[in-house]
Number of protein chains: 2
Amino acid sequence: MNEHIVKSFEDELNTLAAECARMGGLTEAQVADAITAVVKKNAKLAADVVGRDDRLDVLEAEIERKAIRLIALRQPMANDLRRTVAAMKIASNLERCGDLAKNIAKRSLVIKDAGPMTALTRPLDRMGKLVLGRLKEVLDAYTSLDLERARAVWTRDDEVDEHYNSLFRELLTYMMGDPRTIEPCAHLLFVAKNLERIGDHATNIAEIVHYEITGEEMLSARPKTDALGLEEAP
Amino acid sequence: MNEHIVKSFEDELNTLAAECARMGGLTEAQVADAITAVVKKNAKLAADVVGRDDRLDVLEAEIERKAIRLIALRQPMANDLRRTVAAMKIASNLERCGDLAKNIAKRSLVIKDAGPMTALTRPLDRMGKLVLGRLKEVLDAYTSLDLERARAVWTRDDEVDEHYNSLFRELLTYMMGDPRTIEPCAHLLFVAKNLERIGDHATNIAEIVHYEITGEEMLSARPKTDALGLEEAP
């Protein structure tokens, strides 16, 4: 009887982690499509991203409800409690990544009729790929409980900031050179900021995975290089 | 004995709510000071806001830890579980408001040497006061468990969006009129967006308070009027 309960709790915990991983996969797809939508000015894809975001909201709410139920009914201790809380927190970070992807997609729709800004396409695409790569990497670390991989994502946090700072500069230069680009570039400033924030969520998830595995917080300050001293980047 | 346990649980729950309310007061002060720092170009105040943000991070972590401990050890049901989860979620929203206030303060430092942009001071100040008023109102609703007040904050969500959209337009006009203002105005675009996001967190808190009191989600869509269709505003 007791063994049955223990096994079933393991099952519940594994199901929770699997749902969180699945939500991770859907979030990755949303971020990837949002980047393609803005880089390729693909309005159909942008509309798809906007339409699919509800799904992530529902998944997050479900994972949260299940995690709290698990804590209340099973009173998990130590490692099990950390796994449960990690799933809940990762789902919250993923839901916010989904919102950011949706916002990027919406902005791509707002600026789709602006003239071509080809000089900006490449750095935007590069930053997008970098951020997406970090999200993939940290979700791999989560599903495989791979501490080294989580730590690697965490320590390379500053790469995204460097891309963001350089893109911020390029956008301002563009705006100064041609006032007609001011409005679309203002939206691209927010797109770049949203990508940076998705990168920050990847860093948050790396910290959560680290805590889940070791039970210890990552105490040292994040390795950041932001010329503006705006490292919190909200 | 049983009554003693019940009373002590009530006490723990009340303490948790009080800590959350206290964190609310500190967040209000951070947001108010950040707005003053950017409107009055007060560098000392900006530095204070930046320096004090850690406090909110620590409080959030404490509230979360206590809430999870309470759920695991006491297995609260129904109303008590909602109160516990509400404290945890409100603390998370407040921590994010604190990050946004810190970011506003940092941006005020970056642009403090830019020429005077007096035409923008007033709309920025107005939007700041509106957002701060919403945050105060929803924290009052939380501490007094006042459903009508929470609902009022929730239904007036669109006022902030109107201010944001109008400020966004004014900033673009400014940038188009004088290229030298492009950089400081780009930072003010983010300040305006951050204020809008603090307003969104006030709306989130209103939804949490509503759920805490009634046990029901606010199901209808938020009343939004965003010309850009960017109502998620992340």
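Not measured: the values here are computed from a predicted model.

**Observations concerning the packing of helix α5 (residues 147–155) of chain A against helix α7 (residues 182–214) of chain A**
Residue and element names in this part refer to chain A.
- At a minimum axis distance of 8 Å, the contact between α5 and α7 shows a crossing angle of 150°. Our classification of the angle between α5 and α7 gives roughly antiparallel. Judged by the twist between their axes, the crossing of α5 over α7 is left-handed. Seen from α5, the contacting residues are Leu147, Ala150, Arg151, Val153 and Trp154; seen from α7, they are Ala202, Thr203, Ala206, Glu207, Val209, His210, Ile213 and Thr214.
- Within the contact of α5 with α7, the residues separate by chemical class into eight nonpolar, three polar and two charged.

**Remarks on the confidence of the model for chain A**
Residues and elements named next belong to chain A.
- Averaged over every residue, the pLDDT of chain A is 91; the share at 70 or more is 90%.
- Mean pLDDT across the elements of chain A bottoms out in helix α1 (residues 2–40) (90) and peaks in α7 (97).
- Confidence over residues 225–234 falls short of pLDDT 50; this stretch has 35 contacts with residues more than four positions distant or in other chains.

**A short note on the interface of chain B and chain A**
- Listed by partner, the interface residues are 40 residues for chain B and 40 residues for chain A.
- Both faces considered, chain B and chain A share a buried interface measuring about 3,700 Å² in area, 68% of it formed by carbon and sulfur atoms.
- A salt bridge links Glu64 of chain B to Lys89 of chain A; its shortest N-O distance comes to 3.0 Å.
- Here chain B and chain A share four residue pairs in polar contact (both at pLDDT 80 or more) between them.
- Of all the secondary structure elements, the ones that give two or more residues to the side of chain B that touches chain A are α2 (43–74), α3 (78–110), α6 (157–177) and α7 (182–214) of chain B.

**A word on the pattern of salt bridges**
- With the rule as written, the count across this model stands at 36 salt bridges over all chains.
- Of the charged contacts in the structure, one is a salt bridge between Glu137 of chain A and Arg149 of chain A, with a shortest N-O distance of 3.0 Å. Separated by 12 residues along the polypeptide, Glu137 of chain A in helix α4 (residues 118–143) and Arg149 of chain A in helix α5 bring together distant segments of the chain.
- For Arg149 of chain A, a relative accessible area of 30% puts it in the partly exposed group.
- Salt-bridge contacts for Arg83 of chain B lead to Glu10 of chain B; the nearest nitrogen and oxygen are separated by 4.0 Å. Here the residue Arg83 of chain B occupies a position in helix α3, and Glu10 of chain B occupies one in helix α1 (residues 2–39), the gap between them amounting to 73 residues.
- Residue classification places Arg83 of chain B among the buried positions, given a relative accessible area of 17%.
- It is possible to trace a salt-bridge network through shared partners that takes in Glu12, Arg69 and Arg74 of chain A.

**Regarding the relation of the copies chain B and chain A**
- You can overlay chain B on chain A at an RMSD of 0.0 Å; the transform is a turn of 180° with a shift of 0.0 Å along its axis. Considering both components of the superposition, the chain copies are consistent with a two-fold axis. Nearest to the rotation axis, the C-alpha of Ala72 of chain B is located 2.5 Å from it, this being the minimum over chain B.
- Residue by residue, 100% of the interface of chain B is reproduced at the interface of chain A, so both copies engage with the same surface.

**Details of the environment of Thr27 of chain B**
Residue and element names in this part refer to chain B.
- Among the structural elements, Thr27 can be located in helix α1.
- Placed 143 residues apart in sequence, Thr27 and Glu170 show a C-alpha to C-alpha distance of 28 Å.
- The contacts of Thr27, once residues within four sequence positions are left out, are Leu56, Leu94, Cys97, Gly98 and Leu135.

How each quantity is defined
Residues numbered from 1 in each chain as written. Chains lettered and ligands numbered in written order. Predicted model: local features only at pLDDT ≥ 70, side-chain atom pairs only at ≥ 80, totals over all residues. Heavy atoms only, no water. Axes fitted to C-alpha atoms, helices over the stretch in contact; angles between N-to-C directions. Helix = DSSP H or I, 4+ residues; strand = E, 2+ residues; numbered from the N terminus. Parallel < 35°, antiparallel > 145°, perpendicular 65-115°, else oblique. Left-handed = near helix turned anticlockwise from the far one by under 90°. Contact = heavy atoms within 4.5 Å. Nonpolar A, V, L, I, M, F, W, Y, C, P; charged D, E, K, R; others polar. pLDDT = per-residue confidence, 0-100. Buried area = accessible area lost by both parts, 1.4 Å probe. Salt bridge = Lys/Arg side-chain N within 4 Å of Asp/Glu carboxyl O. Polar contact = N/O pair within 3.5 Å; in protein donor to acceptor, adjacent residues only side chain to side chain. Buried < 20%, exposed > 50% of the residue type's maximum accessible area, 1.4 Å probe, protein only. Least-squares fit on C-alpha atoms with pLDDT ≥ 70 in both.

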